[in-house]
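# Observations on chain architecture
Letter by letter, the chains look like this.
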Amino acid sequence: FGGDPVNMIDIDEACFKLQSQDRNKGKVTKMRRCDARGMYKKGAESLSLLHAICGDSVNPFSFPRMYSEGGTTLHRFYFYMSDLISWLNINRPGQSFCFTMDNLNIHKHQIILDLIDDAGHRVLFRALYWSCDRAIEYVFNTIHTKLQMDDVGVTDINDLMTKIDDIIFEIDAVGYEAYFLHVGFGDM
């Protein structure tokens, strides 16, 4: 496995919230100036994104899943990992990967470790809350920045989901190798 981004898959969760900025002017993403009229609704909806990225420069891929209700549970993460491993078996047959993720309890759960090991892959745990060595954290930052730069803004949770999906599609086209190189994986 080594530090080759071709064989690395970085996985994490992120939460994107709609924030109420002004009762008279509607909702926009957090940290964005609200200057368009819209419906005000009390409370902030959120979207959870489970996302895995691979730093392969020739054949890059990501595996995102979004959920508009609730965060990441052991049950949700198990089914996400099962789907990811099934996808890898079809799209990358015979290739072994090293999954990197933080040491959150659900990531370290034996059922998750067995699922990964039984499929012929490995796990490398990262320090909790140490985002500067995680390629996926920079991807989340890119998504957040692109959301804030959107001229139209985000009006509801479905719009947020669509915009995040579009941003991931744009990043997929370029690939994830630069994110892995930035945090020290591969040749510089």
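The structure this text deals with has already been given above.
The present account deals with the structure reproduced in this document.

About the criteria used
- Residues numbered from 1 in each chain as written.
- Predicted model: local features only at pLDDT ≥ 70, side-chain atom pairs only at ≥ 80, totals over all residues.
- Heavy atoms only, no water.
- Helix = DSSP H or I, 4+ residues; strand = E, 2+ residues; numbered from the N terminus.
- Expected span 1.5 Å × (residues − 1).
- Buried < 20%, exposed > 50% of the residue type's maximum accessible area, 1.4 Å probe, protein only.
- Arc of directions from axis to C-beta.
- Polar contact = N/O pair within 3.5 Å; in protein donor to acceptor, adjacent residues only side chain to side chain.
- Axes fitted to C-alpha atoms, helices over the stretch in contact; angles between N-to-C directions.
- Parallel < 35°, antiparallel > 145°, perpendicular 65-115°, else oblique.
- Left-handed = near helix turned anticlockwise from the far one by under 90°.
- Contact = heavy atoms within 4.5 Å.
- Nonpolar A, V, L, I, M, F, W, Y, C, P; charged D, E, K, R; others polar.
- Phe/Tyr/Trp six-rings, centres within 6.5 Å; stacked < 30°, edge-to-face > 60°.
- Core = buried A, V, L, I, M, F, W, Y, C linked by side-chain atoms within 4.5 Å.
- Lys, Arg positive; Asp, Glu negative; His and termini not counted.
- Salt bridge = Lys/Arg side-chain N within 4 Å of Asp/Glu carboxyl O.
- Pairing = 2+ DSSP bridges.

This paragraph deals with helix α5 (residues 157–174). If you check α5, its first and last C-alpha atoms are 26 Å apart, about what 18 residues at 1.5 Å a residue would give, namely 26 Å. Among the residues making up α5, those that are buried are I157, L160, K163, I164, I167, I168 and I171. Down the axis of α5, the sector holding all buried residues measures 140°, keeping them to one side. For α5, the exposed residues set more than 90 degrees away from the buried face come down to N158, F169 and A173. The distance from a side-chain oxygen at the start of α5 to the backbone nitrogen of N158 is 3.1 Å, and the residue carrying that oxygen is D156. Just downstream of α5 lies G175, where phi reads positive at about 105°.

This paragraph deals with the environment of G175. Tracing the chain through its elements places G175 in the loop between α5 and α6 (177–182). A C-alpha to C-alpha distance of 9.0 Å links G175 and I53, two positions 122 residues apart in sequence.

With that settled, consider the packing of helix α4 (residues 135–149) against α5. Running from amino to carboxyl end, α4 crosses α5 at an angle of 125°, the nearest separation of the two axes being 10 Å. On the basis of their axis angle, the class for α4 and α5 is oblique. Here α4 and α5 pass one another in a crossing that is right-handed. Here α4 contributes V139, T142, I143, K146 and L147 to the contact with α5, which in turn contributes L160, K163, I164, I167, I168, E170 and I171. Among the residues making up the contact of α4 with α5, the classes are represented as eight nonpolar, one polar and three charged.

Summed over the entire model, instances satisfying the criterion amount to seven aromatic pairs. Ring geometry for F61 against F97: centres 6.0 Å apart, planes inclined by 90°, an arrangement best described as edge-to-face. Of this pair, F61 sits in strand β4 (residues 61–67) while F97 sits in the loop between α1 (74–91) and β5 (98–102); the two residues are 36 residues apart in sequence, bridging distant segments of the chain. Classification of F61 as buried rests on a relative accessible area of 6%.

Moving on to the packing of α1 against helix α3 (residues 110–118). Running from N to C, α1 and α3 cross one another at 0°; their axes reach a closest spacing of 10 Å. With respect to α3, the element α1 is oriented roughly parallel. Facing L74, F77, Y78, M81, S82 and I85 of α1, the residues of α3 in contact are I111, I112, L115 and I116. For the contact of α1 with α3, the residue count by class is nine nonpolar, one polar and no charged.

The next point concerns the nonpolar core. It is characteristic of soluble globular proteins that their nonpolar side chains tend to be buried jointly. Grouped together as the largest cluster of nonpolar side chains are 27 residues, with contacts concentrated most on I143, L160 and I164. Among the secondary structure elements, those contributing two or more residues to this core are β1 (8–22), β3 (46–54), α4, α5 and α6. In contact with I164, other than residues within four places in its own chain, are F16, L47, L49, M66, I143 and L147. In this structure, F77, Y80, M81 and I112 belong to the second largest nonpolar core, which totals 21 residues.

Here we come to the side chain of D56. With respect to the helices and strands, the residue D56 is situated in the loop between β3 and β4. This buried residue, D56, is left without a salt bridge; R92 holds the nearest opposite charge, at 4.3 Å. From its side chain, D56 meets the backbone nitrogen of V58 in a polar contact 2.9 Å long. Side-chain polar atoms of D56 contact the backbone nitrogen of N59, separated by 3.2 Å.

Looking at the secondary structure, you find D156 in the loop between α4 and α5. Linking D156 and K17, residues 139 residues apart in sequence, is a C-alpha distance of 10.0 Å. A polar contact is formed between the side chain of D156 and the backbone nitrogen of N158, at a distance of 3.1 Å.

Most of β5 sits inside the fold, with five of its five residues counted as buried. Going residue by residue along β5, you find C98, T100 and D102 tucked away on one face and F99 and M101 tucked away on the opposite face as well. Across five bridges, β5 lies against strand β6 (residues 122–126) in parallel orientation. In the sheet register, M101 faces β6, and the bridge partner there is F125.

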